[in-house]
Amino acid sequence: MATVSFKNVCKNFGDQEVVKNLNLEIEDQEFIVLVGPSGCGKSTSLRMLAGLEEITSGDILIGDTKVNDMEPKDRDIAMVFQNYALYPHMNVYDNMAFGLKLRKHSASEIERQVNEAATILGIEHLLERKPKELSGGQRQRVAIGRAIVREPKVFLMDEPLSNLDAKLRVQMRAELAKLHQKLKTTCIYVTHDQTEAMTMGDRIVVMKDGVVQQVASPSELYNSPNNIFVAGFIGSPAMNFIDCKVKQHNGQTYLVNEDGFSYLIDNQLADYNDKEVVFGIRPEDISYDTTDTPKENCQQVRVDVVENLGAETLLYVSFGEQSVVCRFMGAPKHSVGNNINIALNPNRYYIFDKETGNSLLK
Ligand SMILES: Nc1ncnc2c1ncn2[C@@H]1O[C@H](COP(=O)(O)OP(=O)(O)O)[C@@H](O)[C@H]1O
Ligand SMILES: [Mg+2]
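Below: a short report on this structure. The structure displayed is predicted, hence computed values, not measured ones.

1. What about the sheet that holds strand S10 (residues 211–216)?
Thought 1: An order of S6-S7-S8-S3-S9-S10 is seen for the 6 strands of this open sheet, with the pairing classed as mixed. Strands with a single pairing partner mark the edges of an open sheet, and in this sheet they are strand S6 (77–80) and S10. Across the sheet, the mean angle from the axis of one strand to that of its neighbour is 15°, orientation sign disregarded.
Thought 2: Strand direction decides the pairing type here: strand S7 (residues 154–158) and strand S8 (residues 186–191), joined by 5 bridges, are parallel. In the strand pairing of S8, Leu156 is matched with Ile188.

2. A look at the site of ligand 1
Thought 1: Taken together, Phe13, Val18, Gly36, Ser38, Gly39, Cys40, Gly41, Lys42, Ser43 and Thr44 make up the full set of residues near ligand 1.
Thought 2: Looking at the shell around ligand 1, the element that brings in the most residues is helix H1 (residues 42–50), giving 3 residues.
Thought 3: Its residues placed into classes, the shell around ligand 1 shows 3 nonpolar, 6 polar and 1 charged.

3. Topic: helix H2 (residues 92–102)
Thought 1: Of the residues making up H2, those classed as buried are Val92, Tyr93, Asn95, Met96, Ala97 and Leu100.
Thought 2: Those residues of H2 that are buried are in contact with helix H3 (107–121) and helix H4 (136–148).
Thought 3: The first or second residue beyond H2 is Lys104, which carries a positive phi of 60°.

4. Structural notes on the sheet that holds strand S11 (residues 240–249)
Thought 1: The strand order across the open sheet formed by 5 strands is S13-S12-S11-S14-S20, and the pairing between neighbours is antiparallel. Looking at the sheet topology across the chains shown, the edges are occupied by strand S13 (262–265) and strand S20 (349–353). Ignoring which end each strand starts from, the neighbouring axes of this sheet average 40° apart.
Thought 2: Relative to strand S12 (residues 252–256), S11 runs antiparallel, the two being bridged by 5 bridges. If you follow Gln248 over to S12, its bridge partner there is Thr253.

5. Some points on H3
Thought 1: With 15 residues, H3 should cover 21 Å at 1.5 Å per step; its first-to-last C-alpha distance of 21 Å lies within 8% of that length.
Thought 2: Where H3 is buried, its residues meet H2 and H4.
Thought 3: Phi turns positive one or two residues past the end of H3, at Gly122, with a value near 65°.

6. Re the nonpolar core
Thought 1: Counting 92 residues, the largest nonpolar core has Val33, Leu156, Ile188 and Phe279 as its most contacted members.
Thought 2: When residues of this core are assigned to domains, at least three fall in each of domain 1 (4–233) and domain 2 (240–353).
Thought 3: With residues up to four places along the chain from it excluded, the contact list for Ile188 reads Val4, Ile26, Ile32, Leu34, Leu46, Val154 and Leu156.

Scoring rules and cut-offs
- Residues numbered from 1 in each chain as written.
- Chains lettered and ligands numbered in written order.
- Predicted model: local features only at pLDDT ≥ 70, side-chain atom pairs only at ≥ 80, totals over all residues.
- Pairing = 2+ DSSP bridges.
- Helix = DSSP H or I, 4+ residues; strand = E, 2+ residues; numbered from the N terminus.
- Axes fitted to C-alpha atoms, helices over the stretch in contact; angles between N-to-C directions.
- Near = placed C-beta within 6 Å.
- Nonpolar A, V, L, I, M, F, W, Y, C, P; charged D, E, K, R; others polar.
- Buried ≥ 20, exposed ≤ 12 C-beta atoms within 10 Å, placed from the backbone.
- Contact = placed C-beta atoms within 7 Å.
- Expected span 1.5 Å × (residues − 1).
- Core = buried A, V, L, I, M, F, W, Y, C linked by C-beta atoms within 7 Å.
- Domains from an automatic or database assignment.

What follows is the structure in structure tokens.
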């Protein structure tokens, strides 16, 4: 078990800066998720920690030991990839035992470790089978088993569920979370999928273009995003964004735009009077307005698309040039073409600087 520290870590490929000044302190036994769009530097960060990629500058520590120049095999790390290649001619037992044999563990020790891992993963009955006789999920479990038997200080997982179908992915997600509770090994998990990040991480590191945008717990990321990128990346359907201007009127502050949008806020934003900002609201913070008289923070909209998901309904609505997604519990109450009033929760809004994208409410 161990802590992991990235200190001012940079990585360049030629003149392309792929990871920019990564600083991260990962606690012992923590399950931390690196998430971000494809190409943002997640795998490169993991590969530097594993020793598969050289660091351009900065330091990486495992526990108190600086590992910059340590051989991968000496780092006491096990890694599971998306494309876990099992040896096709070996059965499950031998696939899992292979790394231990290379490391010259004794036969009895290998047997103990493989059996223990197989029990944890529920694949004891598959030990004699060859990979081609396994389902995708079973093969993925063997690949994880191969990492577990090493009893490493740190687990690295790089999109390990990406090759599985949607249902199996959800199931394996829960299994990996349980596995982590059992093993209590520090775990760094990479995914481009915000749902995976939100459901699995103790903490989440959101990256974009090689730069960390925010490091926080799932609920903090969801409730208090640092900037418009994090706000739009975390949550599905994504947060709605509406370009508008700050206007003071009768001592109150409104956000308004030419589509007829008008939203009263309880924040002065004095420095921003007459300036452009981006208003944000999540689909779940919008409700039907059933009162007859128009109220503050309500908006008349036209229903464009209705998605009935059974337990909930997504309504794609618009006013002027602006489109908005709303999420309501239960079956749809409206059809395409209807004009309805929606109420935007006056207490659950976000405002971002139009230029920097930074949250103005922090
Ligand atoms: N060996 C390499 N040589 C040159 N560029 C690379 C190499 N590996 C990755 N890159 C580039 O670095 C960037 C980050 O890649 P990567 O860390 O794999 O992203 P992610 O895992 O977040 O999708 C990408 O632009 C990618 O093309
Ligand atoms: Mg990757």
